[in-house]
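Structural description and commentary
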Amino acid sequence: MVECDVESASGFCNGDFVFCHGASSLTITNSTVIVLCVKRDQYKTVTDFALLVPASEPDAMGEATFLSETECVRHVRALKLEEIKKTAKGLKRAEAEHFDALLALRDSLESMDGLARDNAVERMKRVYRRRESERPKYPPEVERILGETFASFSGLSPEETIKYMDGVRSGPKASASLQRLFSYEVSQAVGSLLHNAQIVLWWMEGAFRPAIYCPDIKTALYIHTFFLAPVGGVGFRICPYDGEQFFQDRPNQEYCCPAHREAHRVARFRDKKKRKAAESGKKVRESNGTKKAR
Ligand SMILES: [Zn+2]
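Quick look at the structure, then.

How each quantity is defined
- Residues numbered from 1 in each chain as written.
- Predicted model: local features only at pLDDT ≥ 70, side-chain atom pairs only at ≥ 80, totals over all residues.
- Helix = DSSP H or I, 4+ residues; strand = E, 2+ residues; numbered from the N terminus.
- Contact = placed C-beta atoms within 7 Å.
- Buried ≥ 20, exposed ≤ 12 C-beta atoms within 10 Å, placed from the backbone.
- Core = buried A, V, L, I, M, F, W, Y, C linked by C-beta atoms within 7 Å.
- Pairing = 2+ DSSP bridges.
- Axes fitted to C-alpha atoms, helices over the stretch in contact; angles between N-to-C directions.
- Parallel < 35°, antiparallel > 145°, perpendicular 65-115°, else oblique.
- Left-handed = near helix turned anticlockwise from the far one by under 90°.
- Nonpolar A, V, L, I, M, F, W, Y, C, P; charged D, E, K, R; others polar.

**A word on the overall build of the protein chain**
When helices and strands are tallied, the protein chain shows nine helices and 11 strands. Put simply, 47% of the contacts in the protein chain that link residues at least 6 apart link residues at least 24 apart.

Pasting the structure below:
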């Protein structure tokens with residue numbers, strides 16, 4: 001029996017599969033699976049979710065007891081941390097750009113780093129430009145009818161409404177708020193019709209196990225990165241200095257290496273100075289303009 005210490009279980013338990021729930025703990029041997037222990041509140045209760053994906057019967061840890069019986073029998077297994085890392089490495093170019101842009105956006109919003117935020121916004125723009133160039137077009141008449149039908153809801157022109165519906169631009173509110181943009185993009189990535197993750201209660205080996213069931217490993221990567229890791233685990237980040245993706249060694253690691261932390265501190269200082277100078281130059285120009293107008 002392995003006891004899971006709430007204070008130290010801030011990531012993954014490599015080795016035995018440990019579930020902690022209240023005072024009880026369970027061990028499944030010979031598995032290396034993702035376990036998250038979240039310190040929820042002042043009472044230090046914990047909730048853990050295994051990330052489940054479909055599995056062939058020989059690889060399965062159990063039956064998907066949470067799915068409808070009208071479907072064929074399906075089996076599931078909990079993901080290994082190494083699989084999450086491998087999935088991120090194997091993303092195709094457009095997928096990798098989207099994943100990294102969202103990471104960069106989240107990290108810059110958390111740190112309130114203006115320089116990193118500007119870089120993240122550039123990355124998101126590149127994602128939209130790529131989607132636009134790859135977007136399959138409907139016949140013009142269909143686009144016109146769809147655009148005109150939904151324009152009054154979106155608050156955009158019919159042409160822009162079509163682009164928004166196809167995911168090649170952000171909505172007007174998300175365009176004005178990076179937080180909203182991030183919220184929307186991440187939620188769409190894990191909750192669209194094709195990639196619908198579900199919170200489930202899995203009955204396995206005589207116990208109920210709260211779990212998140214993902215239809216594929218890519219959805220699991222997003223769930224792990226944007227939902228689970230930020231509340232007590234280690235996960236992927238974008239280094240604000242070089243913009244490269246890395247996997248954390250500890251939960252509060254923000255840079256890929258100490259040298260880049262120092263280098264970015266200097267870059268941020270210079271950027272702030274530049275912004276300040278630009279702002280005061282603007283104010284001087286405005287005040288001169290006002291004087292001339294008088
Ligand atoms: Zn770096």
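**Here we look at unusual backbone geometry**
For M112, which is not glycine, the phi torsion reads 50 degrees and is therefore positive. Among the secondary structure elements, M112 is positioned in the loop between α2 (93-111) and α3 (114-134). You will see that E205, though not glycine, has its phi angle at about 50 degrees, which is positive. Looking at the secondary structure, you find E205 in the loop between β8 (198-204) and β9 (207-213). Classification of E205 as exposed rests on a count of 10 C-beta atoms within 10 Å.

**Structural notes on the nonpolar core**
Among soluble globular proteins, nonpolar side chains are generally buried collectively. L51, L52, I212, C214 and I223 are the most contacted members of the largest nonpolar core, which totals 44 residues. Setting aside residues up to four positions removed in sequence, C214 forms contacts with L51, L52, V53, A197, T219, A220 and I223.

**Here we look at the pairing of β9**
Looking at chain direction, strand β5 (residues 50-55) and β9 are connected through three bridges and run parallel. Opposite L52, over in β9, you have Y213 as the bridge partner. Sheet topology note: the β8/β9 ladder contains seven bridges and is antiparallel. In the strand pairing of β9, W203 is matched with F208.

**Some details on the environment of F246**
With respect to the element layout, F246 can be found in strand β11 (residues 245-247). In contact with F246, other than residues within four places in its own chain, are R237, C239 and C256.

**Overview of the packing of α2 against α3**
Running from amino to carboxyl end, α2 crosses α3 at an angle of 155 degrees, the nearest separation of the two axes being 8 Å. In terms of axis orientation, α2 runs roughly antiparallel to α3. The way α2 lies across α3 gives a crossing that is left-handed. Side by side, α2 and α3 meet where A94, E97, H98, D100, A101, A104, L105, D107, S108 and S111 of the first sit next to A116, R117, N119, A120, R123, M124, R126, V127 and R130 of the second. Across the contact of α2 with α3, the residue classes break down as eight nonpolar, four polar and seven charged.

**A closer look at the sheet that holds β5**
Strand order in the open sheet formed by five strands is β6-β7-β5-β9-β8, and the pairing between neighbours is mixed. The open sheet has two free edges, formed respectively by β6 (62-63) and β8, since each of these has just one partner strand. One ladder, built from two bridges, connects β6 with strand β7 (residues 75-78); its direction is antiparallel. Of the residues in β7, the one forming a bridge with E63 is H75.

**Some thoughts on the environment of G90**
Topologically, G90 is positioned in the loop between α1 (81-89) and α2. Sequence separation between G90 and K218 is 128 residues; the distance between their C-alpha atoms is 9.7 Å.

**Quick look at the packing of α2 against helix α7 (residues 178-191)**
In helix packing, the relevant descriptors are the interaxial angle and the interaxial distance, both defined with respect to the helix axes. Closest axis-to-axis distance for the α2/α7 pair is 10 Å, and the angle between their directions is 140 degrees. Classified by the angle their axes make, α2 and α7 are oblique. Along this stretch, α2 crosses α7, giving a crossing that reads as left-handed. Each of L102, L105, R106 and L109 in α2 lies in contact with α7, whose residues at this interface are L178, Q179, F182, E185 and V186. Along the lines of polarity and charge, the residues of the contact of α2 with α7 split into six nonpolar, one polar and two charged.

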